[in-house]
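Below, each chain spelled out in residue letters.
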Amino acid sequence: IVATLIVAFHHSTRMVMYYGYERLWAGVAWDRCEAETPLTGNIAWAAKLAWAVAAIVVIVLLLAIVLYVTPLVKQ
């Protein structure tokens, strides 16, 4: 029972302290500035296409690595 109480107290106070810590750092300005002009038109379309192609290439490479390595692993 004592161990359970210690763990419950530890985790609950830790969660409250973490929430306070994150709220404190979220309030710091850090000299943030918004982007002057968002991507619009053909630029946004090209950027989205580039990210999609890059994601597909990475997924295919990972799948190829898994398919290549799987038979080499001795069971």
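Residues numbered from 1 in each chain as written. Predicted model: local features only at pLDDT ≥ 70, side-chain atom pairs only at ≥ 80, totals over all residues. Heavy atoms only, no water.

Caption draft 1: Quick look at the overall build of the protein. When you go through the protein residue by residue, the secondary structure sums to 2 helices and 0 strands. Counting the 75 residues in the protein, one finds 1% classified as buried. Of the roughly 7,700 Å² that the protein leaves accessible, carbon and sulfur atoms contribute 74%. (Helix = DSSP H or I, 4+ residues; strand = E, 2+ residues; numbered from the N terminus. Buried < 20%, exposed > 50% of the residue type's maximum accessible area, 1.4 Å probe, protein only. Areas by Shrake-Rupley, 256 points an atom, 1.4 Å probe, with all protein chains shown as cover.)

Caption draft 2: Seen up close, a nonpolar patch on the surface. A surface patch of nonpolar side chains, amounting to about 700 Å² of accessible area, comprises Val-58, Leu-62, Ile-65, Tyr-68, Val-69, Leu-72 and Val-73. Within the fold, Val-58 resides in helix α2 (residues 41–69). You can call Val-58 partly exposed: its relative accessible area is 47%. (Patch = residues over 30% accessible without salt bridge, like charges linked within 9 Å, V, L, I, M, F, W, Y side chains within 5 Å. Salt bridge = Lys/Arg side-chain N within 4 Å of Asp/Glu carboxyl O.)

Caption draft 3: Inspection of the packing of aromatic side chains at higher detail. Under the defined criterion, the tally for this structure stands at 1 aromatic pair. With a centroid separation of 6.3 Å and an interplanar angle of 70°, the aromatic rings of Tyr-21 and Trp-25 are classed as edge-to-face. In this pair, Tyr-21 and Trp-25 are both assigned in helix α1 (residues 2–26), 4 residues apart and thus about one turn of the helix distant. For Tyr-21, a relative accessible area of 45% puts it in the partly exposed group. (Phe/Tyr/Trp six-rings, centres within 6.5 Å; stacked < 30°, edge-to-face > 60°.)

Caption draft 4: Region of interest: α1. Spanning 25 residues, α1 covers 36 Å between terminal C-alpha atoms, matching the ideal 36 Å at 1.5 Å per step. The buried fraction of α1 amounts to 0 of the 25 residues, a small share that puts the element mostly on the outside. (Expected span 1.5 Å × (residues − 1).)

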